[in-house]
Amino acid sequence: MSTKRITLSTGILRRPKKTKFALIDIVNLNKMRSRRVTVQVFDWSNGSPVPLKVSPCGRKTCTVTIAPNKSVFLFADVSKVSFKYEVRIQQNEDPKLITNVTGVTNTPFTPQPGDTVLQRNLVRI
């Protein structure tokens, strides 16, 4: 059984001063199937998208496989973003694959108000 791949976006987020990382949490609640998810983060401060490196891949496009009933996180350093960024996620269209995006500080990675986009608020593009 194959499922359709979709692209989701946070839309452009204004980076609060204390936000240092865009943190992408993904959980695969499927009990039998692994899922692949691709993440990109863009700096929109100059009006055009500039891709940022996403970890753990260390590349501007990061694809990970999430095992059944497991969660992973990816992140991008947005500390040098002047004021606007966006996160895009390509994943299977699957209600058991849930992705949330949070802007966080340095350690202890405190979520910043207005910098969280839950799965239900991601925009399909």
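It should be noted that the structure appears before, not after, this text.
Residues numbered from 1 in each chain as written. Predicted model: local features only at pLDDT ≥ 70, side-chain atom pairs only at ≥ 80, totals over all residues. Heavy atoms only, no water.

## With respect to the packing of aromatic side chains
What the rule picks out here adds up to three aromatic pairs. With centroids separated by 5.8 Å and ring planes inclined at 85°, the aromatic side chains of F21 and F75 adopt a geometry described as edge-to-face. One end of the pair, F21, is in strand β3 (residues 21–28); the other, F75, is in strand β8 (residues 70–77), with 54 residues separating them in the sequence. Judged by its relative accessible area of 29%, F75 falls in the partly exposed class. Through successive ring pairs, a cluster of aromatic residues spans F21, F73, F75 and F109. (Phe/Tyr/Trp six-rings, centres within 6.5 Å; stacked < 30°, edge-to-face > 60°. Helix = DSSP H or I, 4+ residues; strand = E, 2+ residues; numbered from the N terminus. Buried < 20%, exposed > 50% of the residue type's maximum accessible area, 1.4 Å probe, protein only.)

## What about the sheet that holds strand β11 (residues 111–117)?
Read from one edge to the other, the open sheet built from five strands follows the order β6-β8-β3-β10-β11, with strand pairing classed as antiparallel. Either end of the sheet is taken by a strand with one partner, and the two such strands are β6 (54–55) and β11. Of the strand pairs in this sheet, β6 and β8 are connected by two bridges, and their pairing is antiparallel. Looking across to β8, one finds that S55 is bridged to F75. (Pairing = 2+ DSSP bridges.)

## Re the state of the cysteines
Counting across every chain of the model gives one disulfide. A sulfur-sulfur separation of 2.1 Å characterises the disulfide bridge that pairs C57 with C62. Taking the sign of the torsion about the S-S bond as the criterion, the disulfide between C57 and C62, at about 65°, is right-handed. (Disulfide = S-S within 2.5 Å.)

## Some words on the pairing of β8
Relative to β8, β3 is paired through eight bridges, and the arrangement is antiparallel. If you follow V27 over to β8, its bridge partner there is S71.

## Here we look at unusual backbone geometry
In this structure, the amide linkage connecting S55 to the following residue, P56, adopts the cis form with an omega of 20°. With respect to the element layout, P56 can be found in the loop between β6 and β7 (62–66). The backbone of N69 sits at a positive phi, close to 60°, despite the residue not being glycine. Topologically, N69 is positioned in the loop between β7 and β8. Notably, F109 is not glycine yet its phi reads approximately 60°, a positive angle. Within the fold, F109 resides in the loop between β10 (97–104) and β11. In this structure F109 comes out as partly exposed when scored by relative accessible area, which is 45%.

Read these as spatial facts, not as claims about activity.
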